[in-house]
Amino acid sequence: AQRVTQPEKLLSVFKGAPVELKCNYSYSGSPELFWYVQYSRQRLQLLLRHISRESIKGFTADLNKGETSFHLKKPFAQEEDSAMYYCGANAGGTSYGKLTFGQGTILTVHP
Amino acid sequence: DGGITQSPKYLFRKEGQNVTLSCEQNLNHDAMYWYRQDPGQGLRLIYYSQIVNDFQKGDIAEGYSVSREKKESFPLTVTSAQKNPTAFYLCASSIGVGAGELFFGEGSRLTVL
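Source: prediction; values computed, not measured. (Residues numbered from 1 in each chain as written. Chains lettered and ligands numbered in written order. Predicted model: local features only at pLDDT ≥ 70, side-chain atom pairs only at ≥ 80, totals over all residues. Heavy atoms only, no water.)

**Student:** So what about the state of the cysteines? Which residues, and what values?
**Tutor:** Going through the model one piece at a time under the given rule, you end up with two disulfides over all chains. What pairs with C23(A) in a disulfide is C87(A), and their sulfur atoms sit 1.9 Å apart. Judged by the torsion about the S-S bond (-65°), the C23(A)/C87(A) disulfide is left-handed. On the criterion of sequence distance, the pair formed by C23(A) in the loop between β3 (19-21) and β4 (24-26) and C87(A) in strand β9 (residues 83-90) is long-range, its members being 64 residues apart. Pair check on accessibility: C23(A) and C87(A) agree, each one buried. A disulfide bridge connects C23(B) with C91(B), and the sulfur atoms are separated by 1.9 Å. Between C23(B) and C91(B) the disulfide shows an S-S torsion of about -75°. By sign, it is left-handed. With C23(B) in strand β3 (residues 19-25) and C91(B) in strand β9 (residues 87-94), this pair connects stretches of sequence that are 68 residues apart. (Disulfide = S-S within 2.5 Å. Helix = DSSP H or I, 4+ residues; strand = E, 2+ residues; numbered from the N terminus. Buried < 20%, exposed > 50% of the residue type's maximum accessible area, 1.4 Å probe, protein only.)

Structure follows, in structure tokens:
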């Protein structure tokens, strides 16, 4: 079944430490992968997409087709990075347009 | 102010009652989505619509119904058949089919008493 999995519900790091939020997917073909973030009292919003290959707020994510992963990384975490992060995928083929998400990871960056 | 507007923000209903959640967008987006957000289960897709008068079931459509009579509106009805309706519901839209960026509403919290 097509699925996005985020194995960590909670992740805690200290300010300045590297952080990696894991995301694995099980899709046939070439899905579009992305990360969304929800800061406290704000709407869920797009952080980055794999097709754009850009770095947003110091975060990067590389699509690894061999491992079917799309982990989100930042070399030096900041307190303002504390939020809920969702990895998601846009399936291809007959399910094109069906956007599904993983279970989410709550990141807490301690001072 | 452009964007996605969901109403009501909070809603209480008795068991056995249907309830309709409103979602309106003025972004001229073709695609609209309904998600359910539960602690520990993340965002689960209920229904999505890629164009007016057309919609598809998501992963947890049972007990829900939708309509898409107008481009800007995508109401969700939580029926009495939904066994565990208490949840936070999020509506979203995107510019078109397969367009990755979703724009989300602020959500509606439904509590069944």
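**Student:** Just give me the short version of the environment of L33(A), but keep the residues and values in it.
**Tutor:** All names here are of chain A. Of note, L33 is situated in strand β5 (residues 32-38). Overall, the relative accessible area of 0% leaves L33 in the buried class. The spatial distance from the C-alpha of L33 to the C-alpha of D62 is 9.7 Å, given a sequence separation of 29 residues. Aside from chain neighbours lying at most four places away, what touches L33 is Y25, R49, H50, L63, F70, C87, G88 and A89. (Contact = heavy atoms within 4.5 Å.)

**Student:** Which residues make up the interface of chain B and chain A, and what values go with them?
**Tutor:** Each partner contributes to the interface: chain B provides 22 residues, whereas chain A provides 20 residues. Interface area for chain B against chain A, summed over the two sides, is near 1,800 Å², with a carbon-plus-sulfur share of 52%. Scanning the region where chain B abuts chain A turns up zero salt bridges. On the surface where chain B and chain A come into contact, there are seven residue pairs in polar contact (both at pLDDT 80 or more). Counting residues per element, the ones that place at least two in the side of chain B that touches chain A are β4 (31-38) and β5 (42-51) of chain B. (Buried area = accessible area lost by both parts, 1.4 Å probe. Salt bridge = Lys/Arg side-chain N within 4 Å of Asp/Glu carboxyl O. Polar contact = N/O pair within 3.5 Å; in protein donor to acceptor, adjacent residues only side chain to side chain.)

**Student:** Summarise unusual backbone geometry; cite the residues concerned and give the values.
**Tutor:** Going from S7(B) to P8(B), the amide bond is cis rather than trans, its omega being -10°. Take P8(B): it is sitting in the loop between β1 (4-7) and β2 (10-13). Notably, K57(A) is not glycine yet its phi reads approximately 55°, a positive angle. Its location among the elements puts K57(A) in the loop between β6 (45-49) and β7 (60-61). Taking the relative accessible area as the measure of exposure, K57(A) reaches 49% and is therefore partly exposed. A positive phi angle, near 60°, is found at N28(B), a position not held by glycine.

**Student:** Describe the nonpolar core, and please don't skip the residues or the numbers.
**Tutor:** One finds W35(A), L72(A) and Y85(A) to be the most contacted residues of the largest nonpolar core, which totals 26 residues. Listing elements by their share of this core, those giving two or more residues are β2 (10-14), β3, β5, β6, β9 and β11 (105-110) of chain A. Counting residues per element, this core draws most heavily on β9(A), which supplies four residues. With residues near it in sequence (within four places) discarded, Y85(A) still touches Q6(A), L21(A), W35(A), Y36(A), V37(A), L47(A), F59(A), L72(A), G104(A), T105(A) and L107(A). The next biggest cluster of nonpolar side chains, apart from the first, holds 21 residues, and it includes L21(B), M32(B), A87(B) and V112(B). (Core = buried A, V, L, I, M, F, W, Y, C linked by side-chain atoms within 4.5 Å.)

**Student:** I'd like to hear about the packing of aromatic side chains, residue by residue, with values.
**Tutor:** All names here are of chain A. Summed over all chains, the structure comprises 13 aromatic pairs over all chains. Arranged with centres 5.7 Å apart and planes meeting at 70°, the rings of F34 and F101 form a pair that is edge-to-face. Separated by 67 residues along the polypeptide, F34 in strand β5 and F101 in strand β10 (residues 99-101) bring together distant segments of the chain. For F34, a relative accessible area of 0% translates into the label buried. With centroids separated by 5.5 Å and ring planes inclined at 75°, the aromatic side chains of Y36 and F101 adopt a geometry described as edge-to-face. (Phe/Tyr/Trp six-rings, centres within 6.5 Å; stacked < 30°, edge-to-face > 60°.)

Taken by themselves, the reported measurements are silent on function.
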